[in-house]
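If you want the building blocks of each chain, they are given just below.
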Amino acid sequence: QVQLVESGGGLVQAGGSLRLSCAASGGTFRLYAMAWFRQTPGKEREFVAGISGSGGRTYYADSVQGRFTISRDNAKKTVYLQMNSLKPEDTAVYYCAADQNLGTVAAKLSSGMHYWGKGTLVTVSS
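The residue numbers shown here count from 1 along each chain, following its written sequence. Whole-chain, interface and lining totals are the exception, using all residues; otherwise, since this is a predicted model, local features are given only for residues with pLDDT of at least 70 and side-chain atom pairs are given and counted only at 80 or more. Side-chain metrics in this entry use all non-hydrogen atoms of the structure; hydrogen atoms and water are not considered.

Novice: Can you help me understand the nonpolar core in this one?
Specialist: Across soluble globular proteins, you tend to see nonpolar side chains buried next to one another. To qualify as a nonpolar core, a set must consist of buried Ala, Val, Leu, Ile, Met, Phe, Trp, Tyr and Cys residues joined through side-chain atoms within 4.5 Å. Think of it in three bands: with a 1.4 Å probe and only protein chains considered, a residue is buried below 20% of the maximum accessible area for its type, exposed above 50%, and partly exposed in between. Ranked by internal contacts, the top residues of the largest apolar core, which has 38 residues, are Leu4, Met34, Trp36, Val79, Leu81, Met83 and Tyr94. If you list the elements that add at least two residues to this core, you get strand E3 (18-25), strand E4 (33-39), strand E5 (46-51), strand E6 (58-60), strand E7 (68-73), strand E8 (78-83), strand E9 (92-99) and strand E11 (120-125). The contact criterion used throughout is that any non-hydrogen atoms of two residues lie within 4.5 Å. Setting aside residues up to four positions removed in sequence, Val79 forms contacts with Leu20, Ser21, Cys22, Phe29, Met34, Trp36, Ile51, Ile70, Ser71, Arg72 and Cys96. Numbering of helices and strands runs from the N terminus, with a helix taken as a DSSP run of H or I at least four residues long and a strand as a DSSP run of E at least two residues long.

Novice: I tried to follow the sheet that holds E3 on my own but got confused; where do I start?
Specialist: Strands belonging to one sheet form pairs held by backbone hydrogen bonds; the direction of such a pair is parallel or antiparallel. DSSP bridges decide pairing: two strands pair if at least two such bridges lie between them. Read from one edge to the other, the open sheet built from four strands follows the order E1-E3-E8-E7, with strand pairing classed as antiparallel. Of all strands in the sheet, those with a lone pairing partner are strand E1 (3-7) and E7, marking the two edges. For this sheet, the mean angle separating the axes of adjacent strands, direction not counted, is 15°. Of the pairings in the sheet, the one linking E1 to E3 comprises five bridges and is antiparallel in character. If you follow Ser7 over to E3, its bridge partner there is Ser21. To obtain each axis, a line is fitted to C-alpha atoms, and for helices this fit is confined to the stretch in contact; angles are then taken between N-to-C directions over 0 to 180 degrees.

Novice: Is there a simple way to explain the pattern of salt bridges in this structure?
Specialist: Close approach of charged atoms lets side chains of opposite charge pair. When a carboxyl oxygen of Asp or Glu is within 4 Å of a side-chain nitrogen of Lys or Arg, the pair counts as a salt bridge. Going through the model one piece at a time under the given rule, you end up with three salt bridges. A salt bridge links Arg38 to Asp90; the nearest nitrogen and oxygen atoms lie 2.9 Å apart. With Arg38 in strand E4 and Asp90 in the loop between E8 and E9, the pair connects residues that are 52 residues apart, well separated along the chain. Residue classification places Arg38 among the buried residues on the basis of a relative accessible area of 5%. Members of the salt-bridge network, linked through shared partners, are Arg38, Glu46, Arg67 and Asp90.

Novice: Would you take a moment to explain the state of the cysteines for this structure?
Specialist: Throughout this description, disulfide means a covalent bond between two cysteine sulfur atoms. In plain terms, two cysteine sulfur atoms within 2.5 Å form what is called a disulfide here. Within the structure shown, the criterion is met by one disulfide. Between Cys22 and Cys96 runs a disulfide, and the two sulfur atoms are separated by 2.1 Å. The sign of the -80° torsion about the S-S bond sets the Cys22-Cys96 disulfide as left-handed. Of this pair, Cys22 sits in strand E3 while Cys96 sits in strand E9, placing them 74 residues apart in sequence. On the basis of relative accessibility, which here comes to 0%, the residue Cys22 falls in the buried class.

Novice: Hey, could you run me through the pairing of E3 in this one?
Specialist: Regular strands have side chains that alternate between both faces of the sheet. Where E3 lies against E8, six bridges are found, and the strand directions are antiparallel. Bridge assignment links Arg19 to a residue of E8, and that residue is Gln82.

Novice: Help me understand the side chain of Thr78 in this model?
Specialist: Mapped onto the elements of the fold, Thr78 is located in strand E8. Residue class for Thr78 comes out buried when judged on its relative accessible area of 10%. Between N or O atoms, a polar contact is any pair within 3.5 Å; within protein, one atom must be a potential hydrogen donor and the other a potential acceptor, and residues adjacent in sequence are included only when both atoms are from side chains. Among the polar contacts made by the side chain of Thr78, one reaches the main-chain carbonyl oxygen of Lys76 at a distance of 2.9 Å. Not counting the four nearest positions on each side in its chain, Thr78 is found in contact with Ser21, Cys22, Ala23, Phe29, Ser71, Arg72 and Asp73.

Shape descriptors only; they carry no functional weight alone.
Structure (structure tokens):
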């Protein structure tokens, strides 16, 4: 059983930056591909970024490509999401997710992810 706890959310002005963290416990962290998803009220949870267990492969949604960077520190059992040039439309609850199958992350679908955190709210003001 893997437990995930997100942190780092908050209020930021448009154009600003935030770094989200997701700390994992339980399981062997390096064996899990990790991903960030986000959700706003009334909308489905959408893929933001993903990373392989080794960190060698990364995936991004078109909407954040070039602005967000996903990374991980396997020694600290933590995955990060550096968010730059934030826009009001980035406002959402951001969730961390884990799955042992990299293909699940590469598919960018929330339905296949096995473990989830409870989320952290990011609000970008205009």
